[in-house]
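Structure assessment
Listed here are the chains, written in short residue letters.
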Amino acid sequence: LSESVARADLILTGSVFLVVPEGATYANVLITPQDFYKGTLPPLGVRIRALATTEGGNIPADDLHFASNQPPYLLFLQQDADGVYRTSRCLGSRLLGNGLTPLEQVAFGK
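A quick note: this is a predicted structure, and the numbers were derived from the prediction, not measured.

**So, the overall build of the protein**
Helix and strand counts for the protein come out as two helices and six strands. Going from the N terminus to the C terminus, the protein shows its helices and strands as α-β-β-β-β-β-β-α. Computed over its C-alpha atoms, the radius of gyration of the protein comes to 13 Å, within 12% of the 13 Å expected for a compact globule of 110 residues. Expressed along its principal axes, the backbone C-alpha trace of the protein runs to roughly 40 × 30 × 25 Å.

**Quick look at the nonpolar core**
If you look at the biggest cluster of nonpolar residues, it comprises 14 residues, and the most contacted ones within it are Ile31, Ile48, Phe66, Leu75 and Leu77. For this core, the elements supplying multiple residues, two or more each, are β1 (10-22), β2 (26-38), β3 (46-51) and β4 (73-79). Look past the residues within four positions of Phe66 in its chain and what remains in contact with it is Val16, Val19, Val29, Ile48, Ala50, Tyr73, Leu75 and Thr87. Of all hydrophobic cores here, the second largest spans nine residues; its members include Phe76, Leu96, Leu100 and Phe108.

**Brief notes about the confidence of the model for the protein**
On average, residues of the protein carry a pLDDT of 87, and 90% of them reach 70 or more. The least confident element of the protein is β3, whose mean pLDDT is 89; the most confident is β4, at 96.

**Observations concerning the packing of aromatic side chains**
Counted by the stated rule, this structure contains three aromatic pairs. Between the aromatic rings of Phe76 and Phe108, the centroid separation amounts to 6.2 Å while the plane-to-plane angle is 45°, which identifies the pairing as tilted. Placement of the pair is Phe76 in strand β4 and Phe108 in the segment after α2 (102-107), with a sequence separation of 32 residues. When its relative accessible area of 1% is taken as the criterion, Phe76 is described as buried. Here the aromatic cluster, defined as three or more aromatic residues joined through ring pairs, consists of Tyr37, Phe76 and Phe108. Lying across the ring of Tyr26, Arg49 places its NZ or CZ 4.8 Å from the centre.

Calculation notes
The numbering scheme is per chain: residues are counted from 1 as the chain's sequence reads. Selection of residues for local features in this predicted model requires a pLDDT of at least 70, selection of side-chain atom pairs for listing and counting requires 80 or more, and totals for whole chains, interfaces and linings are taken over all residues. Remark: hydrogens and water are excluded; side-chain values derive from all non-hydrogen atoms of the structure. The numbering of helices and of strands both runs from the N terminus, where a helix is a DSSP run of H or I of at least 4 residues and a strand a run of E of at least 2. We compute the radius of gyration over the C-alpha atoms and compare it with the globule rule, which gives 2.2 Å times the number of residues raised to the power 0.38. Among buried residues, those of type Ala, Val, Leu, Ile, Met, Phe, Trp, Tyr and Cys that are joined through side-chain atoms within 4.5 Å constitute a nonpolar core. Relative accessibility decides the category of a residue: with a 1.4 Å probe and only protein chains considered, values under 20% of the type maximum give buried, values over 50% give exposed, and everything between is partly exposed. Should any heavy atoms of two residues lie within 4.5 Å, those residues are considered in contact. Think of pLDDT as the predictor's per-residue confidence, scored from 0 to 100. Classification of ring pairs rests on two measures: the distance between centres of Phe, Tyr or Trp rings, Trp counted by its six-membered ring, which must be within 6.5 Å, and the angle between planes, read as stacked under 30 degrees, edge-to-face over 60 and tilted in between. We call a charge positioned above a ring when the Lys NZ or Arg CZ atom is no farther than 6 Å from the ring centre and deviates by at most 35 degrees from the ring normal.

Below you can see the structure in the form of structure tokens.
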């Protein structure tokens, strides 16, 4: 967890507001933030560039499937030079489920 926190530029919980395809490979995922734990909210909101679902629904093990109307996520985001955020399970991102774990609560000062 400490490595995930150190590598992340922005850590927050939030829900997917909209997924907009960007060509055949990528999608822009717009997030409605709920709680912030590290970083500051970008003035134009939080946009994640994610892999679009591949044919047959094969999603790499370290990738997250983003869709509207899902439970909130805990997101560890890294910002690219173009200002767009990226994330994966390897960075620590996950569905929030039952909330923060006790270790996450301590790490985020909650």
